[in-house]
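Chain by chain, the residues run as shown.
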Amino acid sequence: MEAQKVDMFIMTNAKFFGSYQINAIRERLLALDDSKWAMISTLQLKDPTTSLIVSLLAGGLGIDRFIIGDTGLGVGKLLTCGGLGIWAIIDWFLIQEATREKNMQKIQQLLF
Amino acid sequence: MSKKKLYLLLSIACATGYIWLIFTYFNNAPNNGIGICIFKHFTTIPCPSCGSTRSVISLLNGDILGSLLWNPFGLILVAIMAISPIWIFYDIIKHKETLFQSYTRAELFLKRKWVALPAILIVLANWAWNIYKGI
(Lines give C-alpha, C1' and ligand atoms only; values in the text may rest on other atoms or scores of the structure.)
Protein backbone atom coordinates (compact mmCIF):
# COMPACT_ATOMS: atom_id res chain seq x y z
CA MET A 1 0.00 0.00 0.00
CA GLU A 2 1.08 3.58 -0.52
CA ALA A 3 3.10 5.08 2.31
CA GLN A 4 0.88 8.16 2.33
CA LYS A 5 -2.29 6.14 2.94
CA VAL A 6 -0.60 4.06 5.61
CA ASP A 7 0.72 7.09 7.44
CA MET A 8 -2.69 8.69 7.35
CA PHE A 9 -4.20 5.54 8.83
CA ILE A 10 -1.54 5.40 11.53
CA MET A 11 -2.01 9.05 12.41
CA THR A 12 -5.77 8.82 12.80
CA ASN A 13 -5.79 5.44 14.54
CA ALA A 14 -2.67 5.51 16.72
CA LYS A 15 -4.73 5.99 19.88
CA PHE A 16 -6.48 2.66 19.36
CA PHE A 17 -3.27 0.65 19.62
CA GLY A 18 -0.35 0.30 21.99
CA SER A 19 2.73 2.29 21.06
CA TYR A 20 4.78 -0.91 20.75
CA GLN A 21 2.33 -2.26 18.14
CA ILE A 22 2.34 0.75 15.83
CA ASN A 23 5.57 -0.12 14.02
CA ALA A 24 4.50 -3.67 13.29
CA ILE A 25 1.11 -2.50 12.00
CA ARG A 26 2.78 0.09 9.76
CA GLU A 27 5.12 -2.45 8.23
CA ARG A 28 2.35 -4.96 7.62
CA LEU A 29 0.15 -2.27 6.06
CA LEU A 30 2.94 -1.21 3.69
CA ALA A 31 3.31 -4.81 2.55
CA LEU A 32 -0.44 -5.28 2.20
CA ASP A 33 -2.35 -5.38 -1.08
CA ASP A 34 -4.28 -2.21 -2.05
CA SER A 35 -7.55 -4.12 -2.35
CA LYS A 36 -7.75 -4.49 1.44
CA TRP A 37 -7.69 -0.73 2.01
CA ALA A 38 -11.50 -0.44 2.02
CA MET A 39 -11.77 -3.06 4.74
CA ILE A 40 -8.92 -1.63 6.80
CA SER A 41 -10.20 1.93 6.69
CA THR A 42 -13.75 0.99 7.71
CA LEU A 43 -12.67 -1.18 10.62
CA GLN A 44 -14.73 -0.54 13.77
CA LEU A 45 -12.23 0.02 16.56
CA LYS A 46 -13.03 0.68 20.21
CA ASP A 47 -11.71 3.81 21.90
CA PRO A 48 -9.68 3.01 25.05
CA THR A 49 -10.79 6.29 26.66
CA THR A 50 -14.46 5.42 26.19
CA SER A 51 -13.98 2.03 27.79
CA LEU A 52 -12.14 3.68 30.70
CA ILE A 53 -15.09 6.02 31.28
CA VAL A 54 -17.52 3.10 31.09
CA SER A 55 -15.30 1.14 33.46
CA LEU A 56 -15.26 3.98 36.00
CA LEU A 57 -19.03 4.42 35.85
CA ALA A 58 -20.37 0.91 35.33
CA GLY A 59 -17.40 -1.38 35.83
CA GLY A 60 -19.07 -3.04 38.79
CA LEU A 61 -21.72 -4.41 36.45
CA GLY A 62 -19.14 -5.64 33.93
CA ILE A 63 -20.42 -3.39 31.15
CA ASP A 64 -16.87 -2.31 30.22
CA ARG A 65 -15.98 -5.93 29.49
CA PHE A 66 -19.17 -6.49 27.49
CA ILE A 67 -18.39 -3.43 25.35
CA ILE A 68 -14.93 -4.57 24.30
CA GLY A 69 -16.26 -8.05 23.52
CA ASP A 70 -15.07 -10.02 26.58
CA THR A 71 -18.55 -11.41 27.21
CA GLY A 72 -17.39 -14.20 29.50
CA LEU A 73 -15.50 -11.85 31.79
CA GLY A 74 -18.45 -9.44 31.67
CA VAL A 75 -20.80 -12.13 32.94
CA GLY A 76 -18.26 -12.98 35.62
CA LYS A 77 -18.11 -9.40 36.81
CA LEU A 78 -21.86 -8.96 36.66
CA LEU A 79 -22.60 -12.04 38.74
CA THR A 80 -20.07 -11.23 41.44
CA CYS A 81 -20.76 -7.51 42.03
CA GLY A 82 -17.62 -6.65 40.05
CA GLY A 83 -15.59 -9.40 41.69
CA LEU A 84 -16.54 -8.17 45.20
CA GLY A 85 -15.58 -4.71 43.98
CA ILE A 86 -11.89 -5.60 43.78
CA TRP A 87 -11.92 -6.77 40.17
CA ALA A 88 -13.86 -3.64 39.18
CA ILE A 89 -11.09 -1.45 40.64
CA ILE A 90 -8.30 -3.55 39.06
CA ASP A 91 -10.08 -3.22 35.71
CA TRP A 92 -9.91 0.58 35.88
CA PHE A 93 -6.21 0.10 35.27
CA LEU A 94 -6.39 -2.85 32.88
CA ILE A 95 -9.29 -1.93 30.62
CA GLN A 96 -7.42 0.49 28.34
CA GLU A 97 -4.72 -2.05 27.57
CA ALA A 98 -7.37 -4.75 27.12
CA THR A 99 -9.19 -2.53 24.61
CA ARG A 100 -5.99 -1.95 22.64
CA GLU A 101 -5.35 -5.69 22.67
CA LYS A 102 -8.85 -6.34 21.29
CA ASN A 103 -8.30 -3.73 18.56
CA MET A 104 -5.03 -5.40 17.68
CA GLN A 105 -6.78 -8.77 17.40
CA LYS A 106 -9.37 -7.20 15.10
CA ILE A 107 -6.83 -5.65 12.73
CA GLN A 108 -4.67 -8.76 12.84
CA GLN A 109 -7.41 -10.75 11.13
CA LEU A 110 -7.00 -8.46 8.12
CA LEU A 111 -3.25 -8.02 8.24
CA PHE A 112 -2.09 -11.62 8.50
CA MET B 1 -7.90 -14.40 26.22
CA SER B 2 -5.40 -17.20 26.45
CA LYS B 3 -6.14 -20.59 27.97
CA LYS B 4 -3.68 -20.15 30.81
CA LYS B 5 -5.10 -16.78 31.76
CA LEU B 6 -8.67 -18.10 31.82
CA TYR B 7 -7.78 -21.06 34.05
CA LEU B 8 -5.78 -18.85 36.40
CA LEU B 9 -8.55 -16.28 36.61
CA LEU B 10 -11.23 -18.91 37.21
CA SER B 11 -9.15 -20.57 39.91
CA ILE B 12 -8.53 -17.27 41.70
CA ALA B 13 -12.21 -16.33 41.39
CA CYS B 14 -13.32 -19.71 42.76
CA ALA B 15 -10.82 -19.61 45.62
CA THR B 16 -11.91 -16.07 46.57
CA GLY B 17 -15.54 -17.17 46.32
CA TYR B 18 -15.00 -20.10 48.68
CA ILE B 19 -13.02 -17.99 51.16
CA TRP B 20 -15.74 -15.33 51.13
CA LEU B 21 -18.41 -18.01 51.54
CA ILE B 22 -16.66 -19.63 54.51
CA PHE B 23 -16.06 -16.22 56.08
CA THR B 24 -19.70 -15.18 55.77
CA TYR B 25 -21.04 -18.60 56.75
CA PHE B 26 -19.23 -18.63 60.08
CA ASN B 27 -19.59 -14.92 60.83
CA ASN B 28 -23.21 -14.64 59.81
CA ALA B 29 -21.99 -11.57 57.91
CA PRO B 30 -24.88 -11.05 55.46
CA ASN B 31 -27.23 -10.33 58.32
CA ASN B 32 -25.00 -8.22 60.54
CA GLY B 33 -24.67 -5.30 58.16
CA ILE B 34 -21.30 -6.02 56.57
CA GLY B 35 -21.84 -5.49 52.85
CA ILE B 36 -19.10 -5.94 50.30
CA CYS B 37 -20.89 -4.42 47.31
CA ILE B 38 -19.24 -1.11 46.40
CA PHE B 39 -22.12 -0.19 44.11
CA LYS B 40 -24.55 -0.41 47.02
CA HIS B 41 -22.24 1.55 49.31
CA PHE B 42 -22.06 4.43 46.84
CA THR B 43 -25.63 4.54 45.58
CA THR B 44 -27.58 2.82 48.40
CA ILE B 45 -29.35 0.93 45.58
CA PRO B 46 -28.64 -2.83 45.40
CA CYS B 47 -26.80 -4.06 42.29
CA PRO B 48 -28.17 -6.86 40.06
CA SER B 49 -26.21 -9.51 41.95
CA CYS B 50 -26.70 -8.23 45.49
CA GLY B 51 -28.08 -10.99 47.68
CA SER B 52 -26.30 -13.80 45.91
CA THR B 53 -24.17 -14.60 48.98
CA ARG B 54 -27.35 -14.93 51.04
CA SER B 55 -28.83 -16.99 48.23
CA VAL B 56 -25.88 -19.40 48.24
CA ILE B 57 -25.99 -19.69 52.03
CA SER B 58 -29.75 -20.40 51.93
CA LEU B 59 -29.05 -23.15 49.43
CA LEU B 60 -26.33 -24.58 51.68
CA ASN B 61 -28.89 -24.68 54.47
CA GLY B 62 -31.21 -26.64 52.19
CA ASP B 63 -33.65 -23.81 51.54
CA ILE B 64 -34.00 -23.81 47.74
CA LEU B 65 -37.03 -21.51 47.63
CA GLY B 66 -35.32 -19.07 49.96
CA SER B 67 -32.25 -18.95 47.76
CA LEU B 68 -34.43 -18.27 44.69
CA LEU B 69 -36.17 -15.47 46.56
CA TRP B 70 -32.89 -13.87 47.67
CA ASN B 71 -31.39 -13.85 44.17
CA PRO B 72 -31.78 -16.47 41.41
CA PHE B 73 -28.26 -15.62 40.20
CA GLY B 74 -26.96 -17.36 43.31
CA LEU B 75 -27.84 -20.69 41.72
CA ILE B 76 -25.70 -19.87 38.65
CA LEU B 77 -22.83 -18.96 40.97
CA VAL B 78 -23.21 -22.24 42.88
CA ALA B 79 -23.12 -24.16 39.60
CA ILE B 80 -19.99 -22.33 38.39
CA MET B 81 -18.23 -22.66 41.74
CA ALA B 82 -19.05 -26.35 42.00
CA ILE B 83 -18.20 -27.36 38.43
CA SER B 84 -15.22 -25.21 37.42
CA PRO B 85 -12.61 -26.52 39.92
CA ILE B 86 -13.37 -30.11 38.87
CA TRP B 87 -13.33 -29.15 35.19
CA ILE B 88 -10.00 -27.27 35.51
CA PHE B 89 -8.52 -30.23 37.41
CA TYR B 90 -9.71 -32.64 34.71
CA ASP B 91 -8.24 -30.49 31.92
CA ILE B 92 -4.88 -30.16 33.67
CA ILE B 93 -4.60 -33.89 34.34
CA LYS B 94 -5.71 -34.96 30.86
CA HIS B 95 -3.76 -32.16 29.08
CA LYS B 96 -6.92 -31.07 27.30
CA GLU B 97 -8.62 -27.72 26.85
CA THR B 98 -12.29 -28.68 26.97
CA LEU B 99 -13.14 -25.88 29.41
CA PHE B 100 -11.44 -23.26 27.24
CA GLN B 101 -13.29 -24.47 24.14
CA SER B 102 -16.62 -24.45 25.97
CA TYR B 103 -15.89 -20.96 27.28
CA THR B 104 -15.17 -19.66 23.78
CA ARG B 105 -18.32 -21.32 22.44
CA ALA B 106 -20.43 -19.93 25.30
CA GLU B 107 -19.05 -16.45 24.61
CA LEU B 108 -20.02 -16.67 20.94
CA PHE B 109 -23.45 -18.02 21.92
CA LEU B 110 -24.06 -15.12 24.32
CA LYS B 111 -23.12 -12.57 21.65
CA ARG B 112 -26.02 -13.58 19.38
CA LYS B 113 -28.74 -10.98 19.31
CA TRP B 114 -31.60 -13.30 20.22
CA VAL B 115 -29.66 -14.59 23.21
CA ALA B 116 -28.14 -11.31 24.37
CA LEU B 117 -31.41 -9.33 24.36
CA PRO B 118 -33.43 -11.70 26.60
CA ALA B 119 -30.37 -12.08 28.85
CA ILE B 120 -30.12 -8.31 29.29
CA LEU B 121 -33.86 -8.11 29.98
CA ILE B 122 -33.61 -10.88 32.59
CA VAL B 123 -30.73 -9.08 34.33
CA LEU B 124 -32.65 -5.79 34.31
CA ALA B 125 -35.82 -7.48 35.60
CA ASN B 126 -33.83 -9.15 38.38
CA TRP B 127 -32.26 -5.80 39.22
CA ALA B 128 -35.70 -4.17 39.43
CA TRP B 129 -36.83 -7.02 41.68
CA ASN B 130 -33.73 -6.53 43.88
CA ILE B 131 -34.50 -2.84 44.29
CA TYR B 132 -38.16 -3.66 45.00
CA LYS B 133 -37.12 -6.21 47.64
CA GLY B 134 -34.72 -3.68 49.15
CA ILE B 135 -31.96 -6.26 49.67
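Residues numbered from 1 in each chain as written. Chains lettered and ligands numbered in written order. Predicted model: local features only at pLDDT ≥ 70, side-chain atom pairs only at ≥ 80, totals over all residues. Heavy atoms only, no water.

Undergrad: Would you take a moment to explain the overall build of chain A for this structure?
TA: In terms of regular secondary structure, chain A is built from eight helices and zero strands. Each helix and strand of chain A, ordered N terminal to C terminal, gives the series α-α-α-α-α-α-α-α. Expressed along its principal axes, the backbone C-alpha trace of chain A runs to roughly 50 × 20 × 20 Å. Residue burial in chain A is summarised as follows: out of 112 residues, 46% are buried. Surface accessibility of chain A: about 5700 Å² in total, with carbon and sulfur atoms responsible for 63%. On chain A, the mean spot of the 11 positive side-chain charges and the mean spot of the 11 negative ones are 3 Å from each other. (Helix = DSSP H or I, 4+ residues; strand = E, 2+ residues; numbered from the N terminus. Buried < 20%, exposed > 50% of the residue type's maximum accessible area, 1.4 Å probe, protein only. Areas by Shrake-Rupley, 256 points an atom, 1.4 Å probe, with all protein chains shown as cover. Lys, Arg positive; Asp, Glu negative; His and termini not counted. Charge placed at Lys NZ, Arg CZ, Asp CG, Glu CD.)

Undergrad: Even after reading the chapter, I still don't get the nonpolar core, so can you show me in this structure?
TA: A general feature of soluble globular proteins is that nonpolar side chains tend to end up buried together. Within the largest apolar cluster, 17 residues are counted, with the highest numbers of intra-cluster contacts made by A:Phe17, A:Ile25, A:Leu29, A:Ile40, A:Ile107 and A:Leu111. Only helix H1 (3–13), helix H2 (19–31), helix H3 (37–41) and helix H8 (86–111) of chain A provide two or more residues apiece to this core. It is H8(A) that contributes the most residues to this core, four residues altogether. Once residues within four sequence positions are removed from consideration, A:Ile107 is found in contact with A:Phe9, A:Phe17, A:Ile25, A:Ile40 and A:Leu43. The next biggest cluster of nonpolar side chains, apart from the first, holds 11 residues, and it includes A:Leu61, A:Cys81, B:Cys37 and B:Val123. (Core = buried A, V, L, I, M, F, W, Y, C linked by side-chain atoms within 4.5 Å. Contact = heavy atoms within 4.5 Å.)

Undergrad: How should I be thinking about the packing of helix H6 (residues 71–79) of chain A against helix H6 (residues 98–111) of chain B in this particular structure?
TA: Look at H6(A) against H6(B): their axes get within 8 Å of each other, and the N-to-C directions meet at 85°. Put simply, H6(A) runs roughly perpendicular to H6(B). Together, A:Thr71, A:Gly72, A:Leu73 and A:Val75 of H6(A) and B:Tyr103, B:Glu107, B:Leu110 and B:Lys111 of H6(B) make up the contact between the two elements. (Axes fitted to C-alpha atoms, helices over the stretch in contact; angles between N-to-C directions. Parallel < 35°, antiparallel > 145°, perpendicular 65-115°, else oblique.)

Undergrad: Just checking my understanding: could you explain a nonpolar patch on the surface for this structure?
TA: A surface patch of nonpolar side chains, amounting to about 650 Å² of accessible area, comprises A:Ile53, A:Leu56, A:Leu57, A:Ile89, A:Trp92 and A:Phe93. Secondary structure elements with two or more residues in the nonpolar patch: helix H4 (48–58) and H8 of chain A. (Patch = residues over 30% accessible without salt bridge, like charges linked within 9 Å, V, L, I, M, F, W, Y side chains within 5 Å. Salt bridge = Lys/Arg side-chain N within 4 Å of Asp/Glu carboxyl O.)

Undergrad: How do you make sense of the layout of surface pockets when you look at a structure like this?
TA: It is the rolling of a water-molecule-sized probe over the atoms that shows where space remains empty. The computed volume of the second largest pocket comes to approximately 360 Å³. Those elements that place two or more of their residues in the lining of the second largest pocket are H8 of chain A together with H6 of chain B. Classifying every residue of the lining of the second largest pocket gives five nonpolar, five polar and six charged. (1 Å grid on protein atoms, 1.4 Å probe; cavity = no way out; pocket = protein on both sides within 12 Å on 5 of 7 lines; lining within 4 Å. Points joined across faces, edges and corners; volume = space filled by probe spheres on them. Nonpolar A, V, L, I, M, F, W, Y, C, P; charged D, E, K, R; others polar.)

Undergrad: How should I be thinking about unusual backbone geometry in this particular structure?
TA: A negative phi holds for most residues other than glycine; trans holds for most peptide bonds. Its identity as a non-glycine residue notwithstanding, B:Thr44 has a phi of 60°, on the positive side. Tracing the sequence through the fold places B:Thr44 in the loop between helix H2 (38–43) and helix H3 (52–60).

Undergrad: What should I look at first to understand the interface of chain A and chain B in this one?
TA: How big an interface is tends to be stated in terms of accessible area lost as the parts join. In this complex, chain A contributes 15 residues to the contact, which on the side of chain B involves 22 residues. For the interface between chain A and chain B, the tally reads zero salt bridges. Inspection of the region where chain A meets chain B yields six residue pairs in polar contact (both at pLDDT 80 or more). Mapped by element, the contributors of at least two residues to the side of chain A that touches chain B are H6, helix H7 (81–84) and H8 of chain A. Among the residues forming the side of chain A that touches chain B, the class breakdown is nine nonpolar, five polar and one charged. (Polar contact = N/O pair within 3.5 Å; in protein donor to acceptor, adjacent residues only side chain to side chain.)

Undergrad: Could you clarify how one ought to interpret the environment of B:Tyr25 in this entry?
TA: Residues and elements named next belong to chain B. Along the chain, Tyr25 turns up in helix H1 (residues 3–27). Given the relative accessible area of 38%, Tyr25 is considered partly exposed. The residues contacting Tyr25, other than those within four sequence positions of it, are Ile57, Leu60 and Asn61. At 3.2 Å, the side chain of Tyr25 forms a polar contact with the side chain of Asn61.

Undergrad: Looking at this structure, I do not really get the pattern of salt bridges. What am I missing?
TA: Any two side chains of opposite charge can pair, given that their charged atoms come close. All names here are of chain A. Applying the stated criterion across every chain, the model contains nine salt bridges over all chains. For the salt bridge of Lys5 with Asp34, the shortest nitrogen-to-oxygen distance reads 3.6 Å. With Lys5 in helix H1 and Asp34 in the loop between H2 and H3, this residue pair connects regions lying 29 residues apart in the sequence. Residue classification places Lys5 among the partly exposed positions, given a relative accessible area of 25%. Residue Asp34 is classed as partly exposed on the basis of its relative accessible area, which comes to 38%. Its salt-bridge partner being Asp70, residue Lys102 comes within 3.1 Å of it at the nearest N-O pair. Taken together, the residues span a long stretch of sequence, with Lys102 in helix H8 and Asp70 in the loop between helix H5 (63–68) and H6 at a distance of 32 residues. For Asp70, a relative accessible area of 7% translates into the label buried. One continuous salt-bridge network, built from bridges that share partners, spans Asp64, Arg65, Asp70, Lys77, Asp91 and Lys102.

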